[in-house]
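Now for the letters of each chain:
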Amino acid sequence: MSQNKRELASTFSPADIESPLYEKWIAAGYFTADNTSDKEPYTIVIPPPNVTGSLHIGHALDHTLQDVLIRMKRMKGFETLWLPGMDHAGIATQNVVEKQLAAQGKSRHDLGREEFVKKVWEWKAESGGAILGQMRRLGESVDWSREAFTMDANGIKAVPTIFKKLYDADLIYRAERIINWCTRCLTALSDIEVEHSDVEGEFVSVRYGDGDQQITVATTRPETMLGDGAVAVHPDDPRYKHMVGTQVLLPLANRMIPIIADELVDPDFGTGAVKVTGAHDPNDFEMATRHGIDMPIIMNEHGVMANSGTQFDGMDRFDARKAVVAELKAQGRVVAEKRPYLHSVGHCSRCDTTVEPRLSMQWFVRVAPLAKAAGDAVREGRVKIEPKELEPRYFDWVDNMHDWCISRQLWWGHQIPVWYGPNGEVLVLGPDEKAPAGYVQDPDVLDTWFSSALWPFSTLGWPADTDDLKKFYPTSVLVTGYD
Ligand SMILES: [Zn+2]
(Lines give C-alpha, C1' and ligand atoms only; values in the text may rest on other atoms or scores of the structure.)
Protein backbone atom coordinates (compact mmCIF):
# COMPACT_ATOMS: atom_id res chain seq x y z
CA MET A 1 0.00 0.00 0.00
CA SER A 2 1.16 3.51 -0.80
CA GLN A 3 2.66 5.59 1.98
CA ASN A 4 0.84 8.64 0.54
CA LYS A 5 -2.56 7.31 1.27
CA ARG A 6 -4.63 9.85 3.22
CA GLU A 7 -7.62 9.12 5.33
CA LEU A 8 -10.71 10.99 4.11
CA ALA A 9 -11.98 13.15 6.97
CA SER A 10 -15.19 11.77 8.40
CA THR A 11 -16.80 15.22 8.33
CA PHE A 12 -16.36 18.12 5.92
CA SER A 13 -14.71 21.06 7.63
CA PRO A 14 -15.28 24.15 5.46
CA ALA A 15 -12.83 26.28 7.45
CA ASP A 16 -9.95 23.99 6.48
CA ILE A 17 -10.77 24.20 2.79
CA GLU A 18 -12.36 27.57 2.11
CA SER A 19 -9.89 30.07 3.55
CA PRO A 20 -6.75 28.63 1.90
CA LEU A 21 -8.62 28.26 -1.39
CA TYR A 22 -9.83 31.87 -1.23
CA GLU A 23 -6.34 33.16 -0.49
CA LYS A 24 -5.08 31.18 -3.49
CA TRP A 25 -7.69 32.83 -5.75
CA ILE A 26 -6.72 36.29 -4.49
CA ALA A 27 -2.98 35.67 -4.82
CA ALA A 28 -3.48 34.47 -8.39
CA GLY A 29 -5.32 37.71 -9.22
CA TYR A 30 -8.40 35.93 -10.54
CA PHE A 31 -10.66 38.78 -9.42
CA THR A 32 -8.43 41.69 -10.42
CA ALA A 33 -9.98 43.61 -13.28
CA ASP A 34 -7.89 44.74 -16.25
CA ASN A 35 -8.80 48.14 -17.66
CA THR A 36 -6.68 47.52 -20.78
CA SER A 37 -8.54 44.36 -21.75
CA ASP A 38 -10.49 44.16 -25.03
CA LYS A 39 -13.24 42.14 -23.39
CA GLU A 40 -16.63 43.68 -22.86
CA PRO A 41 -16.84 45.14 -19.34
CA TYR A 42 -19.27 44.02 -16.65
CA THR A 43 -19.18 46.09 -13.46
CA ILE A 44 -20.83 46.03 -10.07
CA VAL A 45 -19.89 48.37 -7.24
CA ILE A 46 -20.98 47.04 -3.88
CA PRO A 47 -23.47 49.34 -2.18
CA PRO A 48 -21.03 50.29 0.58
CA PRO A 49 -21.94 48.85 3.98
CA ASN A 50 -21.41 51.04 7.06
CA VAL A 51 -17.92 50.81 8.50
CA THR A 52 -19.44 50.46 11.99
CA GLY A 53 -21.40 47.37 11.24
CA SER A 54 -21.08 43.73 10.50
CA LEU A 55 -22.84 42.01 7.65
CA HIS A 56 -26.23 40.50 8.41
CA ILE A 57 -28.08 37.73 6.61
CA GLY A 58 -29.57 40.27 4.17
CA HIS A 59 -26.06 41.26 3.06
CA ALA A 60 -25.15 37.60 2.66
CA LEU A 61 -28.05 37.14 0.23
CA ASP A 62 -27.40 40.44 -1.53
CA HIS A 63 -23.66 39.77 -1.92
CA THR A 64 -24.28 36.20 -3.06
CA LEU A 65 -26.56 37.44 -5.85
CA GLN A 66 -23.84 39.87 -6.96
CA ASP A 67 -21.22 37.13 -6.80
CA VAL A 68 -23.38 34.81 -8.91
CA LEU A 69 -23.77 37.49 -11.60
CA ILE A 70 -20.09 38.41 -11.59
CA ARG A 71 -18.88 34.81 -11.72
CA MET A 72 -21.30 33.95 -14.52
CA LYS A 73 -20.15 36.95 -16.59
CA ARG A 74 -16.51 36.19 -15.84
CA MET A 75 -16.95 32.65 -17.14
CA LYS A 76 -18.76 33.98 -20.20
CA GLY A 77 -15.70 36.02 -21.12
CA PHE A 78 -16.51 39.48 -19.83
CA GLU A 79 -13.95 41.73 -18.16
CA THR A 80 -15.60 41.79 -14.76
CA LEU A 81 -15.06 44.26 -11.97
CA TRP A 82 -16.75 43.78 -8.63
CA LEU A 83 -15.59 46.68 -6.52
CA PRO A 84 -15.71 46.41 -2.70
CA GLY A 85 -15.61 49.13 -0.09
CA MET A 86 -17.20 50.78 2.89
CA ASP A 87 -19.15 53.86 3.86
CA HIS A 88 -17.78 56.17 6.58
CA ALA A 89 -21.33 56.30 8.00
CA GLY A 90 -21.15 59.77 9.56
CA ILE A 91 -23.54 59.74 12.50
CA ALA A 92 -23.31 55.99 13.20
CA THR A 93 -19.52 56.06 13.43
CA GLN A 94 -19.40 59.30 15.38
CA ASN A 95 -21.82 57.79 17.91
CA VAL A 96 -19.70 54.67 18.38
CA VAL A 97 -16.61 56.72 19.20
CA GLU A 98 -18.61 59.16 21.35
CA LYS A 99 -19.90 56.22 23.37
CA GLN A 100 -16.33 55.02 23.97
CA LEU A 101 -15.39 58.51 25.13
CA ALA A 102 -18.45 58.68 27.36
CA ALA A 103 -17.29 55.48 29.07
CA GLN A 104 -14.18 57.46 30.07
CA GLY A 105 -16.35 60.36 31.21
CA LYS A 106 -15.40 62.50 28.20
CA SER A 107 -17.25 64.13 25.33
CA ARG A 108 -16.03 65.00 21.85
CA HIS A 109 -15.83 68.62 22.98
CA ASP A 110 -13.17 67.69 25.55
CA LEU A 111 -11.00 66.47 22.69
CA GLY A 112 -11.75 69.17 20.15
CA ARG A 113 -12.60 68.56 16.52
CA GLU A 114 -9.17 67.64 15.18
CA GLU A 115 -8.34 65.17 17.96
CA PHE A 116 -11.79 63.64 17.81
CA VAL A 117 -11.59 63.03 14.06
CA LYS A 118 -8.15 61.48 14.60
CA LYS A 119 -9.71 59.14 17.16
CA VAL A 120 -12.37 58.09 14.67
CA TRP A 121 -9.73 57.27 12.06
CA GLU A 122 -7.90 55.20 14.69
CA TRP A 123 -11.12 53.40 15.52
CA LYS A 124 -11.73 52.77 11.81
CA ALA A 125 -8.25 51.30 11.39
CA GLU A 126 -8.74 48.95 14.34
CA SER A 127 -12.38 47.95 14.06
CA GLY A 128 -13.45 48.75 10.53
CA GLY A 129 -12.24 45.44 9.16
CA ALA A 130 -14.98 43.14 10.47
CA ILE A 131 -17.05 43.46 7.30
CA LEU A 132 -14.08 42.84 5.02
CA GLY A 133 -13.30 39.65 6.95
CA GLN A 134 -16.89 38.50 6.53
CA MET A 135 -16.73 39.17 2.80
CA ARG A 136 -13.62 37.00 2.58
CA ARG A 137 -15.36 34.24 4.50
CA LEU A 138 -18.23 34.41 2.00
CA GLY A 139 -15.67 33.83 -0.76
CA GLU A 140 -16.69 36.98 -2.61
CA SER A 141 -14.91 37.41 -5.92
CA VAL A 142 -14.30 41.13 -5.43
CA ASP A 143 -11.29 43.06 -6.68
CA TRP A 144 -9.50 43.89 -3.42
CA SER A 145 -6.89 45.95 -5.27
CA ARG A 146 -9.62 48.53 -5.87
CA GLU A 147 -11.10 48.53 -2.35
CA ALA A 148 -12.63 51.95 -1.68
CA PHE A 149 -13.81 54.06 1.23
CA THR A 150 -16.15 57.04 0.97
CA MET A 151 -13.50 59.22 2.65
CA ASP A 152 -10.46 58.00 0.73
CA ALA A 153 -8.44 60.13 -1.72
CA ASN A 154 -11.00 59.68 -4.52
CA GLY A 155 -13.90 60.61 -2.25
CA ILE A 156 -12.06 63.67 -0.99
CA LYS A 157 -11.73 64.97 -4.54
CA ALA A 158 -15.15 63.90 -5.82
CA VAL A 159 -17.22 65.45 -3.03
CA PRO A 160 -16.19 69.13 -3.35
CA THR A 161 -16.14 68.80 -7.13
CA ILE A 162 -19.76 67.72 -7.30
CA PHE A 163 -20.78 70.15 -4.55
CA LYS A 164 -19.37 73.07 -6.52
CA LYS A 165 -20.94 71.81 -9.73
CA LEU A 166 -24.38 71.57 -8.14
CA TYR A 167 -23.96 74.91 -6.35
CA ASP A 168 -22.97 76.68 -9.57
CA ALA A 169 -26.00 75.12 -11.29
CA ASP A 170 -28.23 76.49 -8.48
CA LEU A 171 -28.99 72.93 -7.36
CA ILE A 172 -27.49 73.43 -3.89
CA TYR A 173 -28.70 76.24 -1.66
CA ARG A 174 -28.63 77.31 1.96
CA ALA A 175 -31.90 78.15 3.66
CA GLU A 176 -33.70 78.26 6.94
CA ARG A 177 -35.99 75.25 6.82
CA ILE A 178 -37.58 72.84 9.20
CA ILE A 179 -35.61 69.64 9.62
CA ASN A 180 -35.55 66.56 11.87
CA TRP A 181 -33.36 67.41 14.84
CA CYS A 182 -31.94 65.12 17.53
CA THR A 183 -31.60 67.07 20.79
CA ARG A 184 -29.02 64.56 22.06
CA CYS A 185 -26.88 64.00 18.94
CA LEU A 186 -27.30 67.75 18.26
CA THR A 187 -27.61 67.26 14.53
CA ALA A 188 -30.08 67.28 11.69
CA LEU A 189 -31.27 63.80 10.70
CA SER A 190 -32.43 62.43 7.38
CA ASP A 191 -35.93 60.99 7.13
CA ILE A 192 -34.58 57.44 7.26
CA GLU A 193 -32.64 58.22 10.43
CA VAL A 194 -36.00 58.86 12.10
CA GLU A 195 -37.96 55.88 13.37
CA HIS A 196 -41.65 56.36 13.98
CA SER A 197 -43.46 54.57 16.75
CA ASP A 198 -46.79 55.04 18.50
CA VAL A 199 -46.59 56.66 21.92
CA GLU A 200 -49.22 57.33 24.53
CA GLY A 201 -49.28 61.09 24.41
CA GLU A 202 -52.01 63.59 25.07
CA PHE A 203 -54.42 65.64 22.99
CA VAL A 204 -55.35 68.89 24.67
CA SER A 205 -57.96 71.39 23.48
CA VAL A 206 -57.12 74.94 24.46
CA ARG A 207 -59.23 78.08 24.21
CA TYR A 208 -57.39 81.03 22.69
CA GLY A 209 -58.88 84.52 23.12
CA ASP A 210 -61.91 85.52 25.18
CA GLY A 211 -65.57 86.42 24.87
CA ASP A 212 -66.75 86.79 21.26
CA GLN A 213 -63.22 86.58 19.98
CA GLN A 214 -62.30 83.06 21.05
CA ILE A 215 -61.36 79.89 19.21
CA THR A 216 -60.37 76.44 20.46
CA VAL A 217 -57.41 74.52 19.03
CA ALA A 218 -56.29 71.00 19.86
CA THR A 219 -52.68 69.84 20.07
CA THR A 220 -50.48 66.92 21.11
CA ARG A 221 -47.70 69.37 21.95
CA PRO A 222 -49.12 72.11 24.18
CA GLU A 223 -45.67 73.53 24.98
CA THR A 224 -45.17 74.59 21.37
CA MET A 225 -48.12 77.00 21.60
CA LEU A 226 -45.64 79.54 22.94
CA GLY A 227 -44.28 79.67 19.39
CA ASP A 228 -47.61 79.94 17.57
CA GLY A 229 -47.79 82.46 14.76
CA ALA A 230 -51.44 81.99 13.78
CA VAL A 231 -54.57 79.87 14.05
CA ALA A 232 -55.74 78.29 10.79
CA VAL A 233 -59.21 77.15 9.72
CA HIS A 234 -60.66 75.81 6.49
CA PRO A 235 -61.89 78.68 4.25
CA ASP A 236 -65.36 77.10 3.89
CA ASP A 237 -65.87 76.24 7.56
CA PRO A 238 -69.10 78.09 8.53
CA ARG A 239 -68.14 78.07 12.23
CA TYR A 240 -65.12 80.28 11.65
CA LYS A 241 -65.71 82.14 8.38
CA HIS A 242 -66.47 85.41 10.19
CA MET A 243 -63.21 85.21 12.16
CA VAL A 244 -60.80 84.86 9.24
CA GLY A 245 -58.65 87.96 9.00
CA THR A 246 -59.16 88.92 12.65
CA GLN A 247 -56.76 88.38 15.54
CA VAL A 248 -56.99 86.32 18.69
CA LEU A 249 -55.08 86.42 21.98
CA LEU A 250 -52.46 83.71 22.38
CA PRO A 251 -52.59 82.82 26.09
CA LEU A 252 -49.43 82.60 28.23
CA ALA A 253 -47.40 84.36 25.54
CA ASN A 254 -49.94 87.22 25.63
CA ARG A 255 -49.54 88.05 21.96
CA MET A 256 -52.23 88.71 19.35
CA ILE A 257 -52.00 86.28 16.43
CA PRO A 258 -53.99 86.24 13.16
CA ILE A 259 -56.69 83.73 12.20
CA ILE A 260 -56.02 82.56 8.66
CA ALA A 261 -57.82 80.32 6.15
CA ASP A 262 -56.02 77.42 4.47
CA GLU A 263 -57.42 74.65 2.27
CA LEU A 264 -55.23 72.06 3.99
CA VAL A 265 -56.96 72.38 7.35
CA ASP A 266 -59.25 69.39 7.90
CA PRO A 267 -62.51 70.80 9.32
CA ASP A 268 -63.41 67.36 10.70
CA PHE A 269 -60.25 66.96 12.77
CA GLY A 270 -60.47 68.17 16.37
CA THR A 271 -62.24 71.52 16.49
CA GLY A 272 -61.42 72.32 12.87
CA ALA A 273 -59.07 75.07 14.05
CA VAL A 274 -55.34 74.37 14.27
CA LYS A 275 -52.43 76.25 15.74
CA VAL A 276 -49.67 77.21 13.30
CA THR A 277 -46.23 76.77 14.85
CA GLY A 278 -43.94 77.22 11.88
CA ALA A 279 -40.63 76.77 13.68
CA HIS A 280 -41.59 73.51 15.39
CA ASP A 281 -43.77 71.50 13.02
CA PRO A 282 -43.08 70.58 9.39
CA ASN A 283 -46.68 70.97 8.16
CA ASP A 284 -47.07 74.22 10.04
CA PHE A 285 -43.84 75.42 8.47
CA GLU A 286 -45.29 74.93 4.99
CA MET A 287 -48.45 76.74 5.97
CA ALA A 288 -46.64 79.59 7.73
CA THR A 289 -44.40 80.01 4.68
CA ARG A 290 -47.41 80.16 2.34
CA HIS A 291 -49.07 82.85 4.44
CA GLY A 292 -46.00 84.77 5.59
CA ILE A 293 -46.69 83.98 9.26
CA ASP A 294 -44.12 84.63 12.02
CA MET A 295 -42.16 81.58 13.17
CA PRO A 296 -40.69 82.30 16.59
CA ILE A 297 -38.17 79.68 17.74
CA ILE A 298 -39.00 78.91 21.37
CA MET A 299 -36.66 76.00 22.04
CA ASN A 300 -32.89 75.70 21.93
CA GLU A 301 -30.90 72.88 20.30
CA HIS A 302 -31.07 70.81 23.51
CA GLY A 303 -34.87 70.82 23.50
CA VAL A 304 -34.99 73.35 26.34
CA MET A 305 -37.54 76.17 26.14
CA ALA A 306 -35.83 79.45 25.27
CA ASN A 307 -36.70 82.96 24.07
CA SER A 308 -40.42 82.49 24.50
CA GLY A 309 -40.47 85.42 26.90
CA THR A 310 -42.47 83.37 29.39
CA GLN A 311 -41.82 81.70 32.74
CA PHE A 312 -41.33 78.40 30.88
CA ASP A 313 -37.95 79.40 29.45
CA GLY A 314 -35.24 77.13 30.84
CA MET A 315 -37.53 74.11 31.19
CA ASP A 316 -36.97 70.87 29.32
CA ARG A 317 -39.59 70.47 26.57
CA PHE A 318 -41.37 67.59 28.34
CA ASP A 319 -41.46 69.38 31.71
CA ALA A 320 -42.69 72.47 29.91
CA ARG A 321 -45.53 70.44 28.37
CA LYS A 322 -46.85 69.59 31.85
CA ALA A 323 -46.28 73.09 33.18
CA VAL A 324 -48.01 74.75 30.23
CA VAL A 325 -51.08 72.51 30.60
CA ALA A 326 -51.17 73.16 34.36
CA GLU A 327 -51.06 76.92 33.82
CA LEU A 328 -53.71 76.79 31.07
CA LYS A 329 -55.91 74.78 33.44
CA ALA A 330 -55.39 77.33 36.20
CA GLN A 331 -56.58 79.99 33.74
CA GLY A 332 -59.61 77.88 32.81
CA ARG A 333 -58.50 77.52 29.20
CA VAL A 334 -58.34 73.73 28.87
CA VAL A 335 -61.58 72.72 27.15
CA ALA A 336 -60.91 69.00 26.76
CA GLU A 337 -58.12 66.49 27.31
CA LYS A 338 -57.55 63.03 25.89
CA ARG A 339 -54.94 61.05 27.73
CA PRO A 340 -53.49 58.63 26.77
CA TYR A 341 -53.73 59.68 23.15
CA LEU A 342 -51.98 57.18 20.90
CA HIS A 343 -50.08 58.90 18.09
CA SER A 344 -46.97 58.42 16.00
CA VAL A 345 -43.79 60.17 17.15
CA GLY A 346 -40.37 60.19 15.47
CA HIS A 347 -37.31 58.95 17.36
CA CYS A 348 -33.61 59.24 16.52
CA SER A 349 -32.58 55.88 15.06
CA ARG A 350 -29.16 56.19 16.75
CA CYS A 351 -30.15 57.09 20.30
CA ASP A 352 -33.96 56.86 20.50
CA THR A 353 -34.37 60.48 21.61
CA THR A 354 -37.68 62.03 20.52
CA VAL A 355 -36.96 63.92 17.32
CA GLU A 356 -37.68 67.64 17.43
CA PRO A 357 -38.74 69.34 14.21
CA ARG A 358 -36.54 72.40 14.18
CA LEU A 359 -36.26 75.49 12.04
CA SER A 360 -32.61 76.00 11.28
CA MET A 361 -30.16 77.15 8.64
CA GLN A 362 -29.09 74.15 6.58
CA TRP A 363 -27.77 73.23 3.14
CA PHE A 364 -30.13 71.56 0.69
CA VAL A 365 -30.02 69.86 -2.70
CA ARG A 366 -32.80 71.04 -5.01
CA VAL A 367 -33.83 67.56 -6.05
CA ALA A 368 -36.62 68.18 -8.60
CA PRO A 369 -34.51 68.22 -11.81
CA LEU A 370 -32.24 65.41 -10.54
CA ALA A 371 -35.18 63.24 -9.48
CA LYS A 372 -36.87 63.86 -12.81
CA ALA A 373 -33.73 62.77 -14.65
CA ALA A 374 -33.59 59.63 -12.49
CA GLY A 375 -37.25 58.91 -13.22
CA ASP A 376 -36.82 59.55 -16.96
CA ALA A 377 -33.88 57.15 -17.10
CA VAL A 378 -36.28 54.35 -16.15
CA ARG A 379 -39.26 55.71 -18.12
CA GLU A 380 -37.09 55.82 -21.26
CA GLY A 381 -35.66 52.36 -20.68
CA ARG A 382 -32.04 53.43 -20.15
CA VAL A 383 -32.18 51.89 -16.67
CA LYS A 384 -34.24 48.75 -16.11
CA ILE A 385 -35.78 47.74 -12.81
CA GLU A 386 -36.00 44.02 -12.19
CA PRO A 387 -38.65 42.82 -11.41
CA LYS A 388 -40.76 45.31 -13.35
CA GLU A 389 -43.56 45.13 -10.76
CA LEU A 390 -41.41 47.22 -8.44
CA GLU A 391 -41.25 50.15 -10.88
CA PRO A 392 -44.19 51.96 -9.23
CA ARG A 393 -42.30 51.89 -5.95
CA TYR A 394 -39.34 53.56 -7.61
CA PHE A 395 -41.55 56.22 -9.22
CA ASP A 396 -43.28 56.78 -5.88
CA TRP A 397 -39.90 57.71 -4.54
CA VAL A 398 -38.39 59.79 -7.36
CA ASP A 399 -41.60 61.55 -8.34
CA ASN A 400 -42.49 62.69 -4.82
CA MET A 401 -39.21 63.87 -3.41
CA HIS A 402 -38.73 66.93 -1.26
CA ASP A 403 -35.47 68.86 -1.16
CA TRP A 404 -32.67 66.98 0.55
CA CYS A 405 -31.09 68.43 3.69
CA ILE A 406 -27.40 67.60 3.25
CA SER A 407 -25.78 69.37 6.22
CA ARG A 408 -25.13 67.57 9.48
CA GLN A 409 -23.87 69.12 12.70
CA LEU A 410 -21.24 66.41 13.12
CA TRP A 411 -17.46 66.26 13.00
CA TRP A 412 -16.98 62.93 11.23
CA GLY A 413 -17.52 63.19 7.51
CA HIS A 414 -16.83 65.41 4.51
CA GLN A 415 -16.75 68.98 5.79
CA ILE A 416 -18.90 71.26 3.67
CA PRO A 417 -16.63 72.94 1.06
CA VAL A 418 -18.00 76.42 1.71
CA TRP A 419 -16.04 79.30 3.22
CA TYR A 420 -17.50 82.48 4.67
CA GLY A 421 -15.68 85.78 4.29
CA PRO A 422 -15.44 88.62 6.81
CA ASN A 423 -18.07 90.65 4.93
CA GLY A 424 -20.61 87.90 4.45
CA GLU A 425 -19.01 86.48 1.31
CA VAL A 426 -19.86 82.85 0.50
CA LEU A 427 -17.22 80.94 -1.39
CA VAL A 428 -17.62 77.37 -2.64
CA LEU A 429 -14.28 75.75 -3.40
CA GLY A 430 -13.27 72.78 -5.50
CA PRO A 431 -10.76 70.20 -4.20
CA ASP A 432 -7.62 72.06 -5.29
CA GLU A 433 -8.71 75.59 -4.42
CA LYS A 434 -7.73 77.53 -1.32
CA ALA A 435 -9.77 80.10 0.56
CA PRO A 436 -8.29 83.59 1.02
CA ALA A 437 -7.01 84.56 4.47
CA GLY A 438 -9.74 85.45 6.94
CA TYR A 439 -12.29 83.05 5.45
CA VAL A 440 -13.78 80.39 7.73
CA GLN A 441 -15.04 77.01 6.53
CA ASP A 442 -18.60 75.93 7.30
CA PRO A 443 -18.25 73.70 10.40
CA ASP A 444 -20.89 71.17 9.29
CA VAL A 445 -20.28 67.95 7.41
CA LEU A 446 -22.30 66.46 4.58
CA ASP A 447 -24.89 63.73 4.96
CA THR A 448 -23.21 60.36 4.50
CA TRP A 449 -25.33 59.69 1.41
CA PHE A 450 -23.89 62.74 -0.32
CA SER A 451 -20.64 60.81 -0.82
CA SER A 452 -22.11 57.33 -1.22
CA ALA A 453 -24.31 58.73 -4.01
CA LEU A 454 -21.10 59.38 -5.96
CA TRP A 455 -19.83 55.87 -5.30
CA PRO A 456 -20.35 54.34 -8.80
CA PHE A 457 -17.92 56.86 -10.33
CA SER A 458 -15.88 58.26 -7.41
CA THR A 459 -14.53 54.74 -6.80
CA LEU A 460 -13.33 54.63 -10.41
CA GLY A 461 -11.29 57.80 -10.01
CA TRP A 462 -13.75 60.54 -11.06
CA PRO A 463 -13.28 63.56 -11.43
CA ALA A 464 -10.00 62.46 -13.07
CA ASP A 465 -10.51 60.94 -16.50
CA THR A 466 -9.11 57.54 -15.54
CA ASP A 467 -8.75 54.34 -17.55
CA ASP A 468 -10.98 52.62 -14.98
CA LEU A 469 -13.71 55.16 -15.59
CA LYS A 470 -13.44 54.74 -19.36
CA LYS A 471 -13.54 50.98 -19.14
CA PHE A 472 -15.95 50.25 -16.30
CA TYR A 473 -18.41 53.16 -16.16
CA PRO A 474 -21.39 53.15 -16.32
CA THR A 475 -21.74 50.12 -14.09
CA SER A 476 -23.93 47.20 -15.17
CA VAL A 477 -26.21 46.37 -12.28
CA LEU A 478 -27.04 47.41 -8.74
CA VAL A 479 -28.36 44.63 -6.52
CA THR A 480 -30.23 46.11 -3.64
CA GLY A 481 -32.57 45.10 -0.86
CA TYR A 482 -36.20 46.02 -0.40
CA ASP A 483 -36.34 49.26 1.56
ZN1 LIG B 1 -29.81 60.99 18.52
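Bear in mind that the values here come from a model prediction, so they are computed numbers and not experimental data.

1. As for the packing of helix H10 (residues 368-379) against helix H11 (residues 391-398)
Step number 1: The N-to-C vectors of H10 and H11 enclose an angle of 160°; their axes lie 9 Å apart at closest approach. In terms of their interaxial angle, H10 and H11 are classed as roughly antiparallel. When you trace H10 past H11, the crossing you get is left-handed. Residues Ala 371, Ala 374, Gly 375, Val 378 and Arg 379 of H10 form the contact with H11, whose participating residues are Glu 391, Tyr 394, Phe 395 and Val 398.
Step number 2: Of the residues assigned to the contact of H10 with H11, the class counts are six nonpolar, one polar and two charged.

2. Focus: the packing of aromatic side chains
Step number 1: One pass over the full model with this rule turns up 18 aromatic pairs.
Step number 2: Arranged with centres 5.7 Å apart and planes meeting at 65°, the rings of Tyr 394 and Phe 395 form a pair that is edge-to-face. For the pair Tyr 394 and Phe 395, a shared accessibility class is recorded, and that class is buried.
Step number 3: Members of the aromatic cluster, each reached through a chain of ring pairs, are Phe 163, Tyr 167, Trp 363, Trp 404 and Phe 450.
Step number 4: Positioned above the aromatic ring of Trp 411 is the side chain of Arg 108, whose terminal nitrogen or guanidinium carbon lies 4.9 Å from the ring centre.
Step number 5: The aromatic ring of Phe 364 is capped on one face by Arg 177, whose charged end is 5.7 Å from the ring centroid.

3. Examining helix H3 (residues 90-103)
Step number 1: With 14 residues, H3 extends 20 Å between its outermost C-alpha atoms, agreeing within 8% with the 20 Å of an ideal straight helix rising 1.5 Å per residue.
Step number 2: Within H3, the full set of buried residues consists of Gly 90, Ile 91, Ala 92, Thr 93, Gln 94, Asn 95, Val 97, Glu 98 and Leu 101.
Step number 3: Each element contacted by the buried residues of H3 is listed here: helix H4 (108-111), helix H5 (113-127), strand S6 (187-189) and helix H12 (448-452).
Step number 4: Two residues or fewer after H3 comes Gly 105, characterised by a positive phi angle close to 75°.

Cut-offs applied
- Residues numbered from 1 in each chain as written.
- Predicted model: local features only at pLDDT ≥ 70, side-chain atom pairs only at ≥ 80, totals over all residues.
- Heavy atoms only, no water.
- Axes fitted to C-alpha atoms, helices over the stretch in contact; angles between N-to-C directions.
- Helix = DSSP H or I, 4+ residues; strand = E, 2+ residues; numbered from the N terminus.
- Parallel < 35°, antiparallel > 145°, perpendicular 65-115°, else oblique.
- Left-handed = near helix turned anticlockwise from the far one by under 90°.
- Contact = heavy atoms within 4.5 Å.
- Nonpolar A, V, L, I, M, F, W, Y, C, P; charged D, E, K, R; others polar.
- Phe/Tyr/Trp six-rings, centres within 6.5 Å; stacked < 30°, edge-to-face > 60°.
- Buried < 20%, exposed > 50% of the residue type's maximum accessible area, 1.4 Å probe, protein only.
- Lys NZ or Arg CZ within 6 Å of the ring centre and 35° of its normal.
- Expected span 1.5 Å × (residues − 1).

Read these as layout, nothing more, since geometry by itself doesn't imply function.
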